[in-house]
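Report on the structure
Take a look at the letters that make up each chain.
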Amino acid sequence: PGSDFDELDQALKELRDLDSKKGTDLECTEVEVSRPSPRVHSSLTAVSETEVLLFGGEYYDGKKVQVFNDLLRYSGGQGAKGAKGSWTKLVSPSGPKARSSHQAAFYKGHLLLFGGEFTSPSMSKFSHYGDTWALALNPQGKGGRWVEVANKGSPPSPRSGHRATVCSGKWFIFGGFFDNGKEVKYYNDLYYCDLAAAVSTQVCKWEKVPRPSPQAPWPQPRSGCGLSAQGQHIYLCGGFSRPSGVGGSEEDESSGTSHWDFWRFDIKSRQWEVLDLLTPQHSPSLRVGFGMSGLGAEGLVMFGGVKDNPQGDSLKSEFKEDFHVFEASTQTWKELTLQPLNPSAPQP
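Reading the values: rules and limits
- Residues numbered from 1 in each chain as written.
- Predicted model: local features only at pLDDT ≥ 70, side-chain atom pairs only at ≥ 80, totals over all residues.
- Heavy atoms only, no water.
- Helix = DSSP H or I, 4+ residues; strand = E, 2+ residues; numbered from the N terminus.
- Buried < 20%, exposed > 50% of the residue type's maximum accessible area, 1.4 Å probe, protein only.
- Contact = heavy atoms within 4.5 Å.
- Areas by Shrake-Rupley, 256 points an atom, 1.4 Å probe, with all protein chains shown as cover.
- Pairing = 2+ DSSP bridges.
- Axes fitted to C-alpha atoms, helices over the stretch in contact; angles between N-to-C directions.
- Disulfide = S-S within 2.5 Å.
- Salt bridge = Lys/Arg side-chain N within 4 Å of Asp/Glu carboxyl O.

Quick look at the overall build of the protein now. When its secondary structure is counted, the protein shows 2 helices and 23 strands. A buried classification covers 45% of the 348 residues belonging to the protein. In the protein, the share of contacts with a sequence separation of at least 24, taken over all contacts with a separation of at least 6, comes to 56%. Approximately 17,900 Å² of the protein is accessible, and the part contributed by carbon and sulfur atoms is 52%.

Moving on, we get to the pairing of strand β21 (residues 314–319). One ladder, built from 6 bridges, connects strand β20 (residues 306–311) with β21; its direction is antiparallel. Each residue of the ladder has a partner; that of V306, found in β21, is F319. The turn linking β20 back onto β21 is made up of 2 residues, and G312 within it adopts a positive phi angle of 70°.

Turning to the sheet that holds strand β17 (residues 271–274), a few remarks are in order. An order of β14-β15-β16-β17 is seen for the 4 strands of this open sheet, with the pairing classed as antiparallel. Two strands close off the open sheet at either side, each with one partner strand: β14 (226–230) and β17. Across this sheet, the average inter-strand angle for adjacent strands is 25°, counted without regard to direction. By the bridge criterion, 8 bridges tie strand β15 (residues 233–241) to strand β16 (residues 257–266) in an arrangement that is antiparallel. Its bridge partner being in β16, S241 is matched across the sheet by T257.

For the rest of this paragraph, the subject is the pairing of strand β8 (residues 126–137). Put simply, side chains in a regular strand alternate between the two faces of the sheet. Counting buried residues in β8 gives 9 out of 12 residues, a clear majority hidden from the surface. Linking strand β7 (residues 110–119) back to β8 in an antiparallel pair, the connection comprises 6 residues, with M123 at a positive phi of about 65°. Summarising the sheet, β8 and strand β9 (residues 144–153) pair through 6 bridges and their orientation is antiparallel. Within β9, the residue paired with A134 across the bridge is V147.

Taken in spatial order, the 4 strands of this open sheet run β18-β19-β22-β23, and their pairing is antiparallel. If you trace the sheet from one side to the other, it starts and ends with β18 (291–294) and β23 (332–336), each paired once. Between one strand axis and the next, the sheet turns through 20° on average, direction left out of account. Pairing between strand β22 (residues 323–327) and β23: 5 bridges, direction antiparallel. Directly across from F323, in β23, lies its bridge partner L336.

For H259, the position within the fold is in strand β16. For H259, a relative accessible area of 7% puts it in the buried group. Residue contacts for H259: discarding those within four places in its chain leaves Q220, P221, R222, G238, G239, F240 and S241.

This brings us to the environment of K182. Here K182 is to be found in the loop between β11 (170–179) and β12 (184–194). For K182, a relative accessible area of 75% gives the class exposed. Taking the C-alpha atoms as reference points, K182 and K125, separated by 57 residues in sequence, lie 9.9 Å from one another.

What follows is about the state of the cysteines. Counted under the stated rule, the structure contains 0 disulfides. Here C204 stays free of any disulfide, with the sulfur of C193 as its closest cysteine sulfur at 3.6 Å. Residue C204 is classed as buried on the basis of its relative accessible area of 0%.

Here we take up the pattern of salt bridges. Under the counting rule described, the total for this entry stands at 11 salt bridges. The partner of R159 in a salt bridge is D189, with the nearest N and O atoms 2.7 Å apart. You can see R159 sitting in the loop between β9 and β10 (163–167) and its partner D189 sitting in strand β12, a full 30 residues away along the chain. Each member of the pair, R159 as well as D189, is classed as buried. Of the charged contacts, one joins D322 and R287 as a salt bridge, the two residues approaching to 2.7 Å between their closest N and O atoms. Here D322 is found in the loop between β21 and β22, whereas its partner R287 is found in the loop between β17 and β18, with 35 residues between them in sequence. The buried category is assigned to D322, whose relative accessible area is 17%. Because the salt bridges share partners, they merge into one network encompassing E30, E51 and R73.

So, in structure tokens, the structure goes:
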């Protein structure tokens with residue numbers, strides 16, 4: 001155990017030393033790149049109809065894990081037929097440290113990051129972050145500038161695997177987990193901050209949503225759930241948790257619980273309500289690691305995920321490629337059949 005912590009401390013020290021040599025100028029320059037390197041647990045945030053920003057993540061080569069802190073922008077083809085998109089890398093002398101399993105949001109020209117984890121090369125130990133960063137994109141186009149945002153009020157504790165969404169100008173963060181090497185703790189707390197104030201003052205004044213009573217409906221602790229805003233509500237679906245003291249990957253179901261429930265939070269009343277809408281006939285089947293996003297006033301969309309099925313002494317992973325829509329007006333799930341734009345083109 002001592003060598004594991006030494007390995008983690010050394011990796012974090014190298015990151016601190018690198019930052020000290022880079023200086024304090026956080027301005028980003030933008031250079032063209034071919035494409036991002038392979039990775040998981042990064043954030044991918046839409047900034048316009050044709051652009052997304054990718055930050056961080058991690059890659060395991062079978063021996064060691066590498067954690068990233070690079071920021072890349074994908075610019076689409078502006079809707080022109082046959083036009084191809086391109087990747088650029090926003091290079092800064094400093095900024096957020098390498099991390100994965102963080103959360104990001106975009107608000108009025110700013111990319112915001114909270115939390116995440118740094119994993120030791122052998123993946124035996126983790127260091128969790130509780131910091132908040134904002135990148136102000138240059139309104140003229142290329143580049144931007146990082147600034148660390150001060151956390152005030154009642155901020156979330158350091159964590160990873162949490163989920164976040166923007167609703168009515170507020171940034172909501174739910175759940176996640178913390179692993180200190182001795183035990184693992186999963187959370188079901190809910191926090192929010194005002195984004196307009198955060199980007200203008202560089203201070204996030206966090207508030208924790210209190211549970212009205214011990215008997216009031218409230219989701220169980222979990223990480224890796226779906227969390228999306230729709231109108232004046234926030235929807236939560238699924239997730240994964242382990243008993244206290246049991247570590248491991250959040251996708252590995254061998255010693256944990258895969259939650260498959262569906263909740264709605266009313267931001268006015270600040271109350272959770274469980275929705276009995278996940279039935280085998282009319283909803284997605286149990287899974288973790290899926291993508292879920294809001295559709296404005298229409299509802300929600302869900303895609304993919306994985307389900308680990310016991311097979312003897314091991315697990316067999318069943319990867320999903322189905323696409324589901326939750327209609328807010330009818331409060332029902334529907335599965336959509338996707339058709340290729342060009343049926344003759346090779347399919348992934």
